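Per-entry structural report
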Amino acid sequence: MSPRERPQQRVEKEELHVDVDGRTLKISNLAKVLYPRTGTTKGEVLDYYARISPTMLPHLRDRAVTRIRWPHGVQDASFFEKNVPPGTPSWVRTVTVPTTGSRGSSRHGDTLVFPVVDDLATLTWMANLAALELHVHQWRVGRNGRPRNADRVVVDLDPGEPAGLHECCQVALLARDKLAERDLVAKPVLSGSKGLHLYADLPRRLPPDESTALAREIAEELQGEHPKLVTATMTKAKRGGKVFFDWSQNAGSKTTVAPYSLRGRERPYVAAPVAWDEVEEGAEDPLGLEQLRHDEVLDRVADLGDLFAG
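Each value, and the rule that gives it
- Positions within a chain are numbered from 1, following the residues in the order the chain's sequence is written.
- Local features in this predicted model are restricted to residues whose pLDDT is 70 or higher, and side-chain atom pairs enter the listing and the counts only when it is 80 or higher, whereas totals over whole chains, interfaces and linings include all residues.
- Side-chain measures here rest on the full set of heavy atoms in the structure, leaving out hydrogens and waters.
- Convention adopted: a line fitted to C-alpha atoms gives each axis, helices being fitted over their contacting stretch, and angles between N-to-C directions are expressed from 0 to 180 degrees.
- Runs of E in the DSSP output that reach at least two residues are strands. Runs of H or I that reach at least four are helices, and both are numbered from the N terminus.
- In this scheme, roughly parallel covers angles under 35 degrees and roughly antiparallel covers those over 145, while 65 to 115 is roughly perpendicular and the rest are oblique.
- Working rule for handedness: look at the near helix, and if it is turned counterclockwise from the far one by less than a right angle, call the crossing left-handed; if clockwise, right-handed.
- Two residues form a contact once any of their heavy atoms are found within 4.5 Å.
- Any residue that is not Ala, Val, Leu, Ile, Met, Phe, Trp, Tyr, Cys, Pro, Asp, Glu, Lys or Arg is counted as polar, Gly included; the first ten are nonpolar and the last four charged.
- Burial classes: relative accessible area under 20% of the type maximum marks a residue as buried, over 50% as exposed, and values in between as partly exposed (1.4 Å probe, protein chains only).
- Remark: nonpolar core denotes a set of buried residues (Ala, Val, Leu, Ile, Met, Phe, Trp, Tyr, Cys) joined through side-chain atoms within 4.5 Å.
- Note on pairing: DSSP must find at least two bridges between two strands before they are called paired.
- Only protein atoms enter the 1 Å grid used here. Points where a 1.4 Å probe fits but cannot escape make up a cavity, open sets with protein on both sides within 12 Å along at least five of seven lines make up a pocket, and a residue lines them when an atom lies within 4 Å of a point.
- Grid points are joined across faces, edges and corners, and a volume is the space filled by probe spheres set on the points.

Things to note about the packing of helix H4 (residues 165-181) against helix H6 (residues 276-284)
- In the contact formed by H4 and H6, the axes pass within 7 Å of each other and the chain directions differ by 125 degrees. Of the possible angle classes, the one that applies to H4 and H6 is oblique. As H4 packs across H6, the resulting crossing turns out to be left-handed. Residues His166, Cys169, Gln170, Ala172, Leu173 and Arg176 of H4 touch H6, and the partners they reach there are Trp276, Val279, Glu280, Gly282, Ala283 and Glu284.
- Taken together, the residues of the contact of H4 with H6 sort by class into 6 nonpolar, 3 polar and 3 charged.

Right, here's the structure in full:
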């Protein structure tokens, strides 16, 4: 190791004790680069989540959170984490979820213990563990601590090359109309990866199999009406040049990246809510809409407010 490298290593290993909403947290490795392409550090990730928290937390409230962690940065390996890890602070709220039936199965038992992110302290604790991506279910936890039925339906529009975000925007407009026919109001969110997500609040909670059936019904309708543009088939070999209308993320055990979450991509893109006029522009112009970085999202929230809240 060269002398030039050693000071950087010492900076990365520095630890700070900070007070967050009355909780004392040990924060470490602030200078560690988590996004090498842009030089974005762990400190900047923590800053983003702190600044976006007033907007993001209401959408995380009462939802079990699955994390994807990149302890050595996005250029290295990541891993999914559902259960709370060893050393989780006692004040972190948790929910015990059965993993049988409609909520999936597990080789390691019949329950999972998820964290629930209701406050900045918990969000900061997760970010400090390099949990860049936060994924949530389409149901919330009830007052009795148990999962309720789904309160929203989600659609993941995933393009197969050479299709891209332009084609996703075209399909999003079609899906918006299909949801409107069912008295559902769609909200678009850039995935932070390649595609686009649509959410629609349900007027009444539905069992996950019913919300899944609803999304699948729309997917198959659009596939039938626009077979050259839309596919409802999960087989990747059949997605080339089309947009996969992924209806399956409404299953009780499935999750979707939360609005305003960072993504573990080459750049610090965000699952960013957008306005419908932006989607319309993206449908007309192949360069009309692009994925958004964390700094852009903070600026947009300051100017436009929370688009996901309507």
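Topic: the side chain of Thr124
- Relative to the elements of secondary structure, Thr124 occurs in helix H3 (residues 120-128).
- We classify Thr124 as buried; its relative accessible area is 12%.
- Once residues lying within four places of it in the same chain are set aside, the contact partners of Thr124 are Val20, Leu25, Ile27 and Leu46.

What to know about the nonpolar core
- Residues Tyr49 and Phe245 are the most contacted members of the largest nonpolar core, which totals 80 residues.
- Ignoring any residue separated from it by four or fewer positions in sequence, one finds Tyr49 in contact with Met56, Leu120, Leu123, Ala127, Ala131, Leu132, Leu134, Tyr260, Ser261 and Leu262.
- Core analysis: the next-biggest nonpolar cluster, separate from the first, contains 8 residues, Val95, Val116, Trp139 and Val141 among them.

Digging into the sheet that holds strand E16 (residues 256-257)
- Pairing within the open sheet is antiparallel, and its 4 strands lie in the order E6-E5-E9-E16. The outermost strands of the open sheet, each flanked by one partner alone, are strand E6 (79-81) and E16.
- Examined bridge by bridge, strand E9 (residues 131-136) and E16 share 2 bridges and lie antiparallel to one another. Within E16, the residue paired with His135 across the bridge is Val257.
- Most of the contacts of H3 go to E9, to which it runs at about 125 degrees, and overall it touches strand E5 (65-69) and E9.

Brief notes about empty space enclosed by the protein
- Following the criterion strictly, the structure yields 1 cavity of 30 Å³ or more and no others.
- The space that makes up the largest cavity amounts to roughly 60 Å³.
- In terms of lining, the largest cavity is formed by Tyr260, Ala272, Pro273, Leu292, Val297, Arg300, Val301, Gly305 and Leu307.
- Residues that form the lining of the largest cavity fall into these classes: 7 nonpolar, 1 polar and 1 charged.

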